[in-house]
Amino acid sequence: MIPPAQSGFDWSVDWSWQLDGWIVVAGMLCAVSSSLLGCFLVLRRMSLLGDAISHAVLPGLAAAFLISGTRSSGWMFLGAVIVGVLTALLSDWIHVRGEVDEGASMGVVFTTLFAAGLIMIVLAADRVDLDPGCVLYGAIESTPLDRWTISLPGLASVRVPRVVVVLSIVTLINAAFVLLFFKELKMATFDAELATSSGFSAKVIHYVLMTLVAVTAVACFESVGNILVVAMLVVPAATAYLLTDRLGMMIGLACVIGAVSAWAGHIAAVEVPTWFGFRSTTTAGMMAVATGAAFTLAVLFSPKRGLIPQWTRKQWLRWTILTDDVLALLYRMEERSTEERPLAESMAMREDLNAWMADILLTKRFAISLALKFHVWRRRVMDGRDNESATLVPTLTELGRSEAESLVRSHRLWEQYLVTRVDLEGDRIHQQAHRLEHFTDRQLQDRLDVQTDSPDKDPHGSPIPSANDPQP
Amino acid sequence: MGEQLWRVISLQDHNTRVVILGAAMLGFAAGLVGCFTLLRRRALVGDALAHAALPGIAIAFLWVTAMGGNGRSLPVLLLGATISGLFGIASILIIRRGTRIKEDAALGIVLSVFFGLGLELLGIAQQMKNGNKAGLESFIYGKTASMVSSDAWLIGGASLLCVVICLGLFKEFKLLCFDEAFAGSRGYPVVLLDAGLMTVVVVITIVGLQAVGLVLVIALLVIPAASARFWTDRLIWMIVLSSLIGMTGCLVGAAASAMLPRLPSGAMIVLATGLGFLVSFFVGARRGLLIRIWRRQSLNASIDRQHLLRELYELFENDPQRLAVSWEELLQARSWSKKRLRRILEHASKDGWISENITKMEFALTERGETEARRLTRRHRLWELYLIHHADIAPQRVDRDADAIEHVLDPETVAELESLLNAELGERRMPTDPHAKSAEGVPS
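What you see as residue numbers is a count from 1 along each chain, following the sequence as written. Lettering of chains starts at A and numbering of ligands starts at 1, both following the order in which they are written. Per-residue local features of the predicted model are confined to residues with pLDDT of at least 70, and side-chain atom pairs are confined, for both listing and counting, to 80 or more; whole-chain, interface and lining totals are unaffected and use all residues. Side-chain measures here rest on the full set of heavy atoms in the structure, leaving out hydrogens and waters.

A.B. asks: What is the right way to look at the overall build of chain A in this model?
C.D. replies: Segments assigned H or I by DSSP are reported as helices when at least four residues long, segments assigned E as strands when at least two residues long, and all are numbered from the N terminus. A tally of regular secondary structure across chain A gives 20 helices and four strands. In this scheme, a residue with accessible area under 20% of its type's maximum is buried, one over 50% is exposed, and one in between is partly exposed, where area comes from a 1.4 Å probe on protein chains only. Buried positions account for 51% of the 472 residues belonging to chain A. Within the structure as shown, chain A displays about 23,300 Å² of accessible surface, and the carbon and sulfur contribution to it stands at 61%. For every accessible area listed, the method is Shrake-Rupley and the probe measures 1.4 Å; residues are considered covered only by the protein chains on display.

A.B. asks: Where do I start with the interface of chain A and chain B in this structure?
C.D. replies: Bring the parts together and some accessible area is lost; that lost area is often taken as the interface size. Of the residues lining the interface, 60 residues belong to chain A; the matching set on chain B comes to 54 residues. The term buried area means the drop in 1.4 Å probe accessible area that two parts suffer when joined, counted for both and summed. Buried surface at the junction of chain A and chain B, both sides included, amounts to about 4,900 Å², of which 73% is carbon and sulfur. Each salt bridge in this description consists of a side-chain nitrogen of Lys or Arg and a carboxyl oxygen of Asp or Glu lying within 4 Å of one another. Counting across the chain A and chain B interface gives three salt bridges. With a shortest N-O distance of 2.9 Å, B:R41 and A:D101 are connected by a salt bridge. Any pair of nitrogen or oxygen atoms within 3.5 Å is treated as a polar contact; in protein, a donor-acceptor pairing is required on top of that, and neighbouring residues in sequence qualify only through side-chain atoms on both sides. Between the two partners, chain A and chain B, sit nine residue pairs in polar contact (both at pLDDT 80 or more). Counting residues per element, the ones that place at least two in the side of chain A that touches chain B are helix 1 (17–43), helix 2 (49–56), helix 4 (73–97), helix 5 (102–123), helix 6 (132–137), helix 11 (226–243) and helix 13 (283–301) of chain A. At 15 residues, the largest contribution of residues to the side of chain A that touches chain B is made by helix 5 of chain A. Classes in brief: Ala, Val, Leu, Ile, Met, Phe, Trp, Tyr, Cys and Pro nonpolar; Asp, Glu, Lys and Arg charged; the others, Gly included, polar. Each residue belonging to the side of chain A that touches chain B can be placed in one class, and the counts come to 37 nonpolar, 15 polar and eight charged. We call two residues contacting when some pair of their heavy atoms lies within 4.5 Å.

A.B. asks: Quick question: what am I supposed to make of the packing of helix 7 (residues 149–168) of chain B against helix 8 (residues 170–178) of chain B here?
C.D. replies: The axes of two packed helices give the description: the angle between them and the distance between them. Residues and elements named next belong to chain B. Lines fitted to C-alpha atoms define the axes, with helix axes restricted to the stretch in contact, and inter-axis angles between N-to-C directions lie between 0 and 180 degrees. Relative to each other, helix 7 and helix 8 sit at 75°, their axes nearing to 5 Å. Regarding the angle of helix 7 to helix 8, the classification is roughly perpendicular. Contact with helix 7, carried on its side by C166, L167 and G168, involves F170, E172 and F173 of helix 8 and no other residues of that element. When its residues are assigned to classes, the contact of helix 7 with helix 8 shows four nonpolar, one polar and one charged. Throughout this description, any angle smaller than 35 degrees is read as roughly parallel, any larger than 145 degrees as roughly antiparallel, any in the 65 to 115 degree range as roughly perpendicular, and the remainder as oblique.

A.B. asks: Quick question: what am I supposed to make of the sheet that holds strand 1 (residues 325–326) of chain B here?
C.D. replies: Strand pairing in a sheet relies on backbone hydrogen bonds, with the paired strands running either antiparallel or parallel. Residue and element names in this part refer to chain B. Two strands are counted as paired when DSSP detects at least two bridges linking them. Reading across from one edge, 1-3-2 is the order of the three strands in this open sheet, with antiparallel pairing throughout. Two strands in the sheet have a free side with no partner beyond their single neighbour: strand 1 and strand 2 (354–357). As paired strands, strand 1 and strand 3 (residues 362–365) are joined by two bridges and run antiparallel to one another. Directly across from V325, in strand 3, lies its bridge partner F363. Sitting on the sheet, helix 14 (residues 289–318) is in contact with strand 1, strand 2 and strand 3, with an inclination near 90° to strand 3.

A.B. asks: Mind showing me how you'd approach the pairing of strand 3 of chain B here?
C.D. replies: On any regular strand, side chains alternate: one points to one face of the sheet, the next to the other face. Across four bridges, strand 2 of chain B lies against strand 3 of chain B in antiparallel orientation. Across the sheet, residue B:N357 finds its bridge partner in strand 3 of chain B, namely B:E362.

A.B. asks: Help me understand helix 20 (residues 442–451) of chain A, please; the structure alone is not making it clear to me.
C.D. replies: One turn of an α-helix holds 3.6 residues; hence residues three or four places apart share an orientation. Residue and element names in this part refer to chain A. Within helix 20 the residues assigned to the buried category are Q445, L448 and D449. Around the axis of helix 20, the buried residues are gathered within 105° of arc, so they sit on the same side. Within helix 20, the exposed residues directed more than 90 degrees away from the buried face are Q443, R447 and V450. Where helix 20 is buried, its residues contact helix 18 (398–420). This arc describes the spread of directions from the helix axis toward the C-beta atoms.

A.B. asks: So what exactly am I meant to see when it comes to the pattern of salt bridges here?
C.D. replies: Between side chains of opposite charge, a pair can form as their charged atoms come close. Evaluated as defined, the whole model comprises 22 salt bridges over all chains. Across the pair A:E403 and A:R380 runs a salt bridge whose closest N-O atoms are separated by 2.7 Å. Here A:E403, found in helix 18, pairs with A:R380, found in the loop between helix 17 (365–377) and strand 3 (381–382); they are 23 residues apart in sequence, far enough to count as distant. You can call A:R380 buried: its relative accessible area is 14%. As a salt-bridge pair, B:R286 and B:D233 come within 2.9 Å of each other at their nearest N and O atoms.

A.B. asks: I tried to follow the environment of A:D458 on my own but got confused; where do I start?
C.D. replies: All names here are of chain A. Along the chain, D458 turns up in the segment after helix 20. Residues D458 and P161 lie 297 residues apart in sequence; the distance between their C-alpha atoms is 79 Å. Not counting residues up to four positions away in its chain, the partners in contact with D458 are R412, E415, Q416 and I464.

A.B. asks: Explain helix 16 (residues 353–360) of chain A to me, please; I cannot follow it from the model alone.
C.D. replies: All names here are of chain A. Listed as buried for helix 16 are L353, N354, M357 and A358. Around the axis of helix 16, the buried residues are gathered within 135° of arc, so they sit on the same side. Note on helix 16: the residue one or two positions beyond its end, L362, has a positive phi of about 55°.

A.B. asks: Sorry if this is basic, but what is going on with the confidence of the model for chain A here?
C.D. replies: Any residue range with low pLDDT should be treated as having predicted coordinates unsuitable for detailed reading. Residue and element names in this part refer to chain A. Averaged over chain A, the pLDDT score is 81; the fraction of residues at 70 or greater is 83%. Put simply, helix 6 is where chain A has its lowest mean pLDDT, 54, and helix 13 is where it has its highest, 93. In this model residues 1–11 is a low-confidence stretch, pLDDT under 50, and it forms eight contacts with partners more than four residues away in sequence or in other chains. On a range of 0 to 100, pLDDT expresses the predictor's confidence in each residue.

A.B. asks: Before we go on, may I ask you to explain the confidence of the model for chain B in this structure?
C.D. replies: Residue and element names in this part refer to chain B. On average, chain B scores 83 in pLDDT, and the residues at 70 or more come to 90%. Across residues 436–444, where pLDDT falls below 50, the model places eight contacts with residues more than four positions away in sequence or in other chains. As scored by the predictor, the complex reaches a pTM of 0.80 and an ipTM of 0.81.

A.B. asks: What is the right way to look at the side chain of A:T189 in this model?
C.D. replies: All names here are of chain A. Relative to the elements of secondary structure, T189 occurs in helix 8 (residues 182–190). In this structure T189 comes out as buried when scored by relative accessible area, which is 16%. Those residues within four positions of T189 in sequence are excluded, and the remaining contacts are F40, L43 and R44.

A.B. asks: Any chance you could explain the packing of aromatic side chains here in plain terms?
C.D. replies: One pair of aromatic rings is described through two measures. These are the centre distance and the angle between the planes. Note on ring pairs: Phe, Tyr and Trp rings are taken, using the six-membered ring of Trp, and paired if centres are within 6.5 Å. Classes follow the plane angle, with under 30 degrees stacked, over 60 edge-to-face and the rest tilted. A complete count under the given rule lists 10 aromatic pairs over all chains for this structure. Taking the centre distance of 6.1 Å and the plane angle of 40° together, the rings of A:F374 and A:W377 count as tilted. With A:F374 and A:W377 both in helix 17 and three residues apart, this pair spans about one turn of that helix. Relative to B:F282, the ring of B:F281 has its centre 5.3 Å away and its plane inclined at 85°; by these criteria the two rings are edge-to-face. A relative accessible area of 31% means that B:F282 is categorised as partly exposed. Chaining the aromatic ring pairs together yields one cluster made of A:W93, B:F230, B:F277, B:F281 and B:F282. Here, over-ring charges are defined by two tests on the NZ atom of lysine or the CZ atom of arginine: distance to the ring centre within 6 Å, and angle to the ring normal within 35 degrees. Above the ring of A:Y241, the side-chain terminus of B:R100 is found at 4.0 Å from the ring centroid.

A.B. asks: Mind showing me how you'd approach the packing of helix 18 of chain A against helix 19 (residues 429–436) of chain A here?
C.D. replies: Residues and elements named next belong to chain A. As a packed pair, helix 18 and helix 19 sit with axes 9 Å apart at the nearest point and diverge in direction by 130°. If you check the angle between helix 18 and helix 19, you find them oblique. Judged by the sense of rotation from one axis to the other, the crossing of helix 18 with helix 19 is right-handed. Note on element contacts: helix 19 touches helix 18 through I429, H430, Q432, A433, H434 and L436, opposite H411, W414, E415, L418 and V419. Its residues assigned to classes, the contact of helix 18 with helix 19 comprises six nonpolar, four polar and one charged. In a left-handed crossing the near helix is turned counterclockwise from the far helix by less than a right angle, and in a right-handed crossing that turn is clockwise.

A.B. asks: Would you take a moment to explain a nonpolar patch on the surface for this structure?
C.D. replies: Two distance rules govern patches: like charges are joined within 9 Å, and nonpolar side chains (Val, Leu, Ile, Met, Phe, Trp, Tyr) within 5 Å, applied only to residues with over 30% relative accessible area and no salt bridge. Taken together, A:L90, A:W93, B:L275, B:L278, B:V279, B:F282, B:V283, B:L290 and B:I293 make up a surface patch of nonpolar side chains, about 770 Å² in accessible area. Mapped onto the nonpolar patch, the elements with two or more residues apiece are helix 4 of chain A together with helix 13 (265–283) and helix 14 of chain B. Counting residues per element, the nonpolar patch draws most heavily on helix 13 of chain B, at five residues. With respect to the helices, strands and loops of the structure, B:L278 is situated in helix 13. Among the residues examined, B:L278 registers a relative accessible area of 46% and is labelled partly exposed.

A.B. asks: For this particular structure, what's the right way to read the state of the cysteines?
C.D. replies: Here, the word disulfide means a covalent bond between the sulfur atoms of two cysteines. Residue and element names in this part refer to chain B. Pairs of cysteine sulfur atoms within 2.5 Å are what we label disulfides. For the structure on display, the rule yields zero disulfides over all chains. Counting only cysteine sulfurs, C166 is the nearest neighbor of C162, a cysteine outside any disulfide, at a range of 6.4 Å. Of the residues examined, C162 reaches a relative accessible area of 1% and is grouped as buried. C35 provides the cysteine sulfur closest to C250, a residue in no disulfide bond, and the two sulfurs are 14 Å apart. Using a relative accessible area of 1% as the deciding quantity, one classes C250 as buried.

Right, dumping it as structure tokens:
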């Protein structure tokens, strides 16, 4: 593909259903079949099983060839699946029998098997042309070349790539397994003992799952390479895990994320290198990178658990609390002013009002002035400057006063409640009340009021403001 | 053949010498470092790290080539590998700390995504004028057999560095592996130490990657340490053994492939090390499979024997007149199967605990057997008494609970029990049977 002549990027892609279409379909099938099982692997902390299996199947391929003498894909498939399942069983066995750490037992098994496979291939090299390279890269680009003719009854026969047929079958098997045994899988994953005590063996589920992972890994890696298998087994599932707490939803999301990544990955593989003056590159790797991009987005932006939403929420909460506190502080100052010493005078005596408030509220001067500006803008506070009385003190507006009153009421009601109902000591209630006041709405205020027999004064002797009418 | 073997063993070829010594040094250092990662339950960090190095290698190559330099120069590639390996480690840490994704998935994510990116970039490097990827691909499969002396020197230097760091920080690393929280509370800079350990892993992985390839370096980090664990419970011995196993595996594997030049040396090394694992797994002196089976069986046999002797003692105790106990009586006494009881009796009579009258199927205690049976019964009842008086266990249940532990009581504990139970025991040497039988009024 030649970069377009005009300036800027041309987002339209040279698309051919016969080539790119089938490649994307193969990638999506791989993504869906892997994601269906991958969710359970991630939840059961067996994520690296796919990696181990797909490395270890090499001797299976070689042995199948040495025994059968053909490169027919059926034999190869069988050999690879057998060794794949063996890898899972063997690492499980070493883990349990030898009390070896799970990761280590996997590492021992797959590296040894991989080495055995390499040697077998070398020994058989004069008779077989098995390229270990394609284990890594796969050959998803050649998907459309190798086709089977499928004749469906009542329809004209279609020529479908072999890979697509195989992956469709695997996808259907996995989907059937997950749908039929959803309850059992769920129980075996989250509470294996409950599963066993309720009449079916969590072990059987475990072994079926491992077998299907082996079948899926083999089916996928033949066409897309083993790295993509690992990526599709783990990454979309982990991404979905960040987005939801429900298993069904997680599986669905993982499938969608995987499929979209496969599609986006192919486009990127075709397009991105051309921006830098290169030809298109391998699709499988780019699909893996696309799942990684999806994961990164989820880590950063997942509404509930994303790092950025979490940070933002925390900052927003801090800001709300600060502005509340400023409002309440002004109210308390107003409350303490007397005829002889009006508010303006007592406040103006402070040399640096903002610094003084910052000191009380344990924050910075800058934050106070920001909060005050915010309140002025929201018309909760009158800035001294546009005040007729020509003092430079911020004072509450009617609106601000009623809001502040509500806050202080919450605070003092809580103090009262903590003393009368929770039996907290007087010197400990302020902090507690201070924390709770920000989360107390009108309804809760009324309930506190009833619970504490509608007191006039809080435990420190300050009056509790009466409930005012809700503001429009 | 013999001549060739001699040539390899005596390291006559310069080439063989470089390969074998280089691999052996790497095996030694990797075995040492692997112990710490294994004990920190991070065995596969090397795996993720090795995969994560690939994009760095490709980027370094692309960058330097685009700048007009020699992209294939080793220091450049290794620098790239190290930087992206560290990125990989950082990503794993961020994922583990910042999200609810667990360690295994974090490794899988970093491993596959970084490697995917690396393959992409390699694909692009291939399109450059001098970008045939032969040199770069050796990072995946390794090129052990074509190691040159500068490679061996690099491995030697890096290995020495790692060995020095690990031994210098031995006490700190040990604490980090076994009790991180305690290390933290003692004021050790845990995060810094962890980073130090990771750095050592990075160094070994990157150097090994270049010399022997991806899969092999994982094997060298994991297999020797896992093998050594079967032989010992002490960290220092584990480290020594692991290093030796790693070194021996490399020596044997490299020598084998030097003799049979067709076989890839990397794979041969893994197989040789794997063989070491297999042997350790079965015959390891501390946790090997055979020693465990043997230990369990001899414990079971001794428990069976003790139960038999006690059973006999109690039967005779209840009826001082009787001379022998019949087969049926014994069969009813416990839930022994016929086969098992027969075996127990056989052993006991062979060891001289009991005398048997084979024709009448009757059994009696020998003098030696009676002494032992008395000792065992006494121990059992002491323990029962202790449980009843000091652990508040109901007399109906006490037999079962006593059964679970009496077989491992040592003489000191028995003496201690005696002194504890002085008041209950009075002057009697043999405590009375506290449960069911006496409760039903049978005099004991």
